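One-letter residues, chain by chain:
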Amino acid sequence: MSDDSDIAQARVFLDLLAAHARTLARAINTAERTFQTQRLRDLQAELHTVRNCIARIHYRYPHITPPNRARI
């Protein structure tokens, strides 16, 4: 029973991380266009962290995949 709740929680967290990664990608695009170099570095570092979290979820639960629109 606890495995089911762990998987459900991982799916929710994965969806939230994927949405945040998309938001960061848009912000990175804006920072690139407006030459905000420090903000760009900060956003890229945060996106790297989010992608690592996504990868760790996939490593722990390889059968969980985000919807196609959420793939990062």
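You'll find the structure just up there.
Residues numbered from 1 in each chain as written. Predicted model: local features only at pLDDT ≥ 70, side-chain atom pairs only at ≥ 80, totals over all residues. Heavy atoms only, no water.

1. A closer look at the environment of Ile-64
Its place among the elements puts Ile-64 in the segment after helix H2 (37-60). Judged by relative accessible area, which is 1%, Ile-64 ranks as buried. Measuring from C-alpha to C-alpha, the distance between Ile-64 and Arg-11 comes to 6.8 Å, with 53 residues separating the pair along the chain. (Helix = DSSP H or I, 4+ residues; strand = E, 2+ residues; numbered from the N terminus. Buried < 20%, exposed > 50% of the residue type's maximum accessible area, 1.4 Å probe, protein only.)

2. Notes on a nonpolar patch on the surface
A cluster of nonpolar residues, Val-12, Phe-13 and Leu-16, forms a patch on the protein surface that exposes about 300 Å² of accessible area. Tracing the sequence through the fold places Val-12 in helix H1 (residues 2-33). (Patch = residues over 30% accessible without salt bridge, like charges linked within 9 Å, V, L, I, M, F, W, Y side chains within 5 Å. Areas by Shrake-Rupley, 256 points an atom, 1.4 Å probe, with all protein chains shown as cover. Salt bridge = Lys/Arg side-chain N within 4 Å of Asp/Glu carboxyl O.)

3. Looking at H2
Its 24 residues place the ends of H2 35 Å apart at the C-alpha level, agreeing with the 34 Å of an ideal helix rising 1.5 Å per residue. For H2, the complete set of buried residues consists of Leu-40, Leu-43, Leu-47, Val-50, Ile-54 and Ile-57. As for H2, its buried residues are in contact with H1. (Expected span 1.5 Å × (residues − 1). Contact = heavy atoms within 4.5 Å.)

4. Regarding H1
Given 3.6 residues per helical turn, the α-helix brings residues three or four places apart onto the same face. Relative to the 46 Å expected for 32 residues at 1.5 Å per residue, H1 spans 46 Å between its end C-alpha atoms, a close match to the ideal helical length. The set of residues buried in H1 consists of Ile-7, Ala-10, Leu-14, Leu-17, Ala-18, Ala-21, Leu-24, Ala-27, Ile-28 and Ala-31. Taken together, the buried residues of H1 touch H2. The first or second residue beyond H1 is Phe-35, which carries a positive phi of 60°.

5. Concerning the environment of Arg-22
Examined against the element boundaries, Arg-22 turns out to sit in helix H1. Residue Arg-22 is classed as partly exposed on the basis of its relative accessible area of 24%. Separated by 25 residues in sequence, Arg-22 and Leu-47 have C-alpha atoms that sit 9.1 Å apart.

That is the geometry; function is a separate question.
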